[in-house]
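Single-letter residue listing:
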Amino acid sequence: MSQSLKFSAKPAAPAGRFVPADHARVDFTGGFWQSWSQTVRDVTIPTQHMRLDEEDFLEVLDFDKPAGPLARPIQPSGLSMQHFFDSDFGKWIEAASYTLKAYPNPEIEAKIDDIVEQLAKGQMADGYLNSWFIRREPEKRWTNLRDLHEMYSMGHLLEGAVAYYEATGKRRFLDVMIRAVDHIIGTFGREPGKLAGYDAHEEIELALVKLYRVTRDPRHLELATYFVDERGVMPSYYDEEARKRGEDPADYVYQTYAYSQAHMPVREQGQVVGHAVRAMYLFSAMADLAYENDDPTLKEACDRLFDNLVGRQLYVTGGLGPSASNEGFTREYDLPNETAYAETCAAVALGFWSHRMAQTDLNSKFTDRLETVLFNGALSGISRDGEHYFYENVLESHGQNRRWKWHYCPCCPTNIARFITSLGQYYYSSREGELAVHLYGANTAELMVGETFVRLKQDTQYPWNGDVRLALNLDKPSRFTLHLRIPGWCRDANVTVNGRTIDLAACTHKGYAAITRDWQDGDEVRLSIAMPVDRLYAHPAASEDAGRVALQRGPVVYCVEETDIGGEPQRLRLPADAEITARFDADLLGGAVVLEGQALEAGSEDWDGSLYRTSPPVLKPKAFKAIPYHLWANREAGAMLVWLQEK
Ligand code: FUB
Ligand code: ZN
């Protein structure tokens, strides 16, 4: 980490709120995230720019030329994926920017400046900025918020602009986007003469909160608040808008505005419905507004929705949104494995939401889910080499799912990239008199606890091992509370401070152990979390998992791949009492803990070509090996299974 980094002069958060660490001041010094961070920085970010370029995503910025043939056809909804190409390079800029503060890279910076200059050149005189409409259909701008992603794209550009400004101090992109936001402020709202609309694909709301945190311009927060408050108000803006276009609102392709969480006001919603990424972006914005506006009604709605998601609709991997047809939710407990959609973007965005919830309410039920997606259902979206991806994160395969180099709709690669390049912010947060450690992994971090400068060092092999040594360096002795997350999966933890054991039962509240003392430079905290192999069972209503068991060790969910057992894992039967051992395999994709044991395998030698018979298959002993789910599909093609049949 560069020594010259200064703390940014960010205005204070609302009183009493936790503030996440500056990601650039958390350096992954070794172990798990060091290698992932380096891969994303050195491979993912440059290759994603190459893909954007070679796949002509950046061509949409050639404002001097007439628009060429469509790169993506118009779908029945009226949307072409090209409508939101801006979002892809916006997200790439954001992901790349997060690396620049601690690891300056003039080449990447020049590529971003290039894009920014083109955007600035194309921006309309009134501030409007969206490459599709400017180049192709300027007369149609703001006529179809229901389908065409105008603000979704602007939101991603805005997030990119904020991140780039924070990384480099360059204002150009930020100023361009502030003008675009000014234009939106002049166009949308409840005042006479304005459109009382909001984009069906949420995203701009949370981007506006990010902008507000940089500008402290109340109009930016008010606009985000307006969009969230207006959502789902009846009669629906989308009906009115469709009629204005001469269409019958009943012809809406997705039939229900639940697809966009716009079927009722957000505060009344209790079940997570519709498109999964949209839902997660909306709830992230709601959590942001609960935080900034101190709004308990939004916090309550978020709590309800979070419990609904986690209690009834979340895959064990942290994946969400089972169905391809709406890229989202169906009925509760519908968690098919082989056809799981579980889009990478949705898991990443659940990470965003969970993290935000924990800043208002320090409760490990939120950070447990952040950890789940980090080590499982979001990380599975990127290959170990950093340049291949999954859009859908299935929990079972017969070998048909392979990672791709680029996608027809490449929203996921830049999402997982920005998650990893900004990972440090998820690890810690602080407020006057308190410092919270949310996640474990080898790193050094610098942050302020009130007026005290604190340098932390985590030494650990986490997630492969549950021993964590936390060393504190302080510029002066200071009294504060250190909150240590005790993961929800943990049944046996031990904490010492300078060798003296802490009574965890007495000091743990909502999953965080609170240690209040006069901290001195050189203090050492040791956390030891037992990591047995856990067998997980699904609620009986989740019928796809009936009779099955998933293996988890620490925060890591496992799967069995054909390549490790020389046969389809679907044929395995895991005896309920089978001993399963954990072993670090240094040769597996950079090193990982694998699980091994003896199972049974249903043989087919004696079936003589018949499909059915009156006696069950003969079961024969079979050694098996399970690898972390996030590492699957990085070797030979083959079948994979998370939920093993139990015998
Ligand atoms: O529609 C924009 C993005 O593309 C969505 O968030 C993803 O689900 C994909 O459809
Ligand atoms: Zn995606």
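Residues numbered from 1 in each chain as written. Chains lettered and ligands numbered in written order. Predicted model: local features only at pLDDT ≥ 70, side-chain atom pairs only at ≥ 80, totals over all residues. Heavy atoms only, no water.

Labelled according to an unreviewed UniProt entry, the protein appears under the name Glycoside hydrolase family 127 protein, originating from Ensifer adhaerens.

This part takes up the overall build of the protein. Regarding its fold elements, the protein presents 17 helices and 23 strands. The C-alpha atoms of the protein give a radius of gyration of 25 Å, which matches the 26 Å a tight globule of 647 residues would have. In terms of overall dimensions, the protein has C-alpha extents of about 75 × 70 × 45 Å along its principal axes. When each of the 647 residues of the protein is scored for burial, the buried share is 61%. Here the analysis covers contacts within the protein between residues at least 6 apart in sequence; of these, 71% occur between residues at least 24 apart. Carbon and sulfur atoms make up 50% of the accessible area of the protein, which totals about 23800 Å². Within the protein, the 93 negative side-chain charges are centred at a point lying 2 Å from the centre of the 69 positive side-chain charges. (Helix = DSSP H or I, 4+ residues; strand = E, 2+ residues; numbered from the N terminus. Rg over C-alpha atoms; globule rule 2.2 N^0.38 Å. Buried < 20%, exposed > 50% of the residue type's maximum accessible area, 1.4 Å probe, protein only. Contact = heavy atoms within 4.5 Å. Areas by Shrake-Rupley, 256 points an atom, 1.4 Å probe, with all protein chains shown as cover. Lys, Arg positive; Asp, Glu negative; His and termini not counted. Charge placed at Lys NZ, Arg CZ, Asp CG, Glu CD.)

Around ligand 1, the neighbouring residues are Phe84, His149, Tyr152, His201, His275, Val277, Glu327, Glu343, Tyr391, Cys409 and Cys411. Contact distances for ligand 1 include 2.7 Å between an oxygen atom and a side-chain N or O atom of His149. One of the side-chain nitrogen or oxygen atoms of His201 is found 2.7 Å away from an oxygen atom of ligand 1. (Near = heavy atom within 4 Å. Polar contact = N/O pair within 3.5 Å; in protein donor to acceptor, adjacent residues only side chain to side chain.)

Our focus in this paragraph is the environment of Val209. Mapped onto the secondary structure, Val209 falls in helix α7 (residues 204–215). The exposure class assigned to Val209 is buried, which follows from its relative accessible area of 0%. Spatially, the C-alpha atom of Val209 lies 40 Å from that of Asp534, the residues being 325 residues apart in sequence. Every residue in contact with Val209, bar those within four places of it in the chain, is listed here: Leu221, Ala224, Asp288, Leu289 and Glu292.

Right, let's talk about the coordination of the zinc ion (ligand 2) for a bit. For the zinc ion (ligand 2), every protein donor is listed as Glu343 (OE), Cys345 (SG), Cys411 (SG) and Cys412 (SG), and the spread of their distances is 2.0 to 2.4 Å. If you look at the zinc ion (ligand 2), its 4 donor atoms make angles of 93 to 119° with each other, and the shape they trace is tetrahedral. Written as a sequence motif, the donor residues of the zinc ion (ligand 2) are E-x1-C-x65-C-C. As far as burial versus exposure is concerned, Cys411 and Cys412 are alike and both buried. (Donors = N, O, S within 2.8 Å, 3.2 Å for Na, K, Ca; no water. Tetrahedral: all angles 85-135°; square planar, octahedral: opposite > 155°, others 65-115°.)

So, about the side chain of Thr225. Position of Thr225 among the secondary structure elements: in helix α8 (residues 218–230). The class of Thr225 is buried, set by a relative accessible area of 19%. Within polar-contact distance, the side chain of Thr225 engages the backbone oxygen of Leu221 at 2.7 Å. Apart from the residues within four sequence positions on either side, Thr225 is in contact with Leu289 and Asn293.

Moving on, we come to the packing of aromatic side chains. Considering all chains together, one arrives at 30 aromatic pairs under this definition. Where Phe352 meets Phe419, the ring centres are 5.9 Å apart and the plane angle is 85°; that geometry is what we call edge-to-face. Taken as a pair, Phe352 in helix α12 (residues 344–360) and Phe419 in helix α14 (residues 411–421) lie far apart in primary sequence, 67 residues in all. For the residue pair Phe352 and Phe419, the accessibility class agrees, reading buried in each case. Among the aromatic residues, those joined into a cluster by ring pairs are Tyr198, Tyr237, Tyr238, Tyr252, Tyr254, Tyr257 and Tyr259. (Phe/Tyr/Trp six-rings, centres within 6.5 Å; stacked < 30°, edge-to-face > 60°.)

So, on to the sheet that holds strand β7 (residues 452–460). Pairing is antiparallel in the open sheet, where 7 strands are placed in the order β2-β6-β7-β8-β14-β10-β11. Each having just a single partner strand, β2 (26–27) and β11 (500–501) make up the two edges of the open sheet. (Pairing = 2+ DSSP bridges.)

Tallied over the entire structure, the rule returns 1 cavity of 30 Å³ or more. Approximately 60 Å³ is the volume attributed to the largest cavity. Taken together, Glu59, Val60, Ala67, Gln82, Ser131, Trp132, Arg135 and Arg136 make up the full set of residues lining the largest cavity. In terms of residue class, the lining of the largest cavity is made up of 3 nonpolar, 2 polar and 3 charged. (1 Å grid on protein atoms, 1.4 Å probe; cavity = no way out; pocket = protein on both sides within 12 Å on 5 of 7 lines; lining within 4 Å. Points joined across faces, edges and corners; volume = space filled by probe spheres on them. Nonpolar A, V, L, I, M, F, W, Y, C, P; charged D, E, K, R; others polar.)

A few words on the nonpolar core. Ranked by internal contacts, the top residues of the largest apolar core, which has 207 residues, are Trp33, Met280 and Trp353. Among the elements that line this core, the one with the most residues is helix α10 (residues 276–292), at 12 residues. Not counting residues within four places of it along the chain, the set of residues in contact with Trp33 comprises Phe28, Leu374, Phe375, Leu379, Ile420, Leu423 and Tyr427. (Core = buried A, V, L, I, M, F, W, Y, C linked by side-chain atoms within 4.5 Å.)

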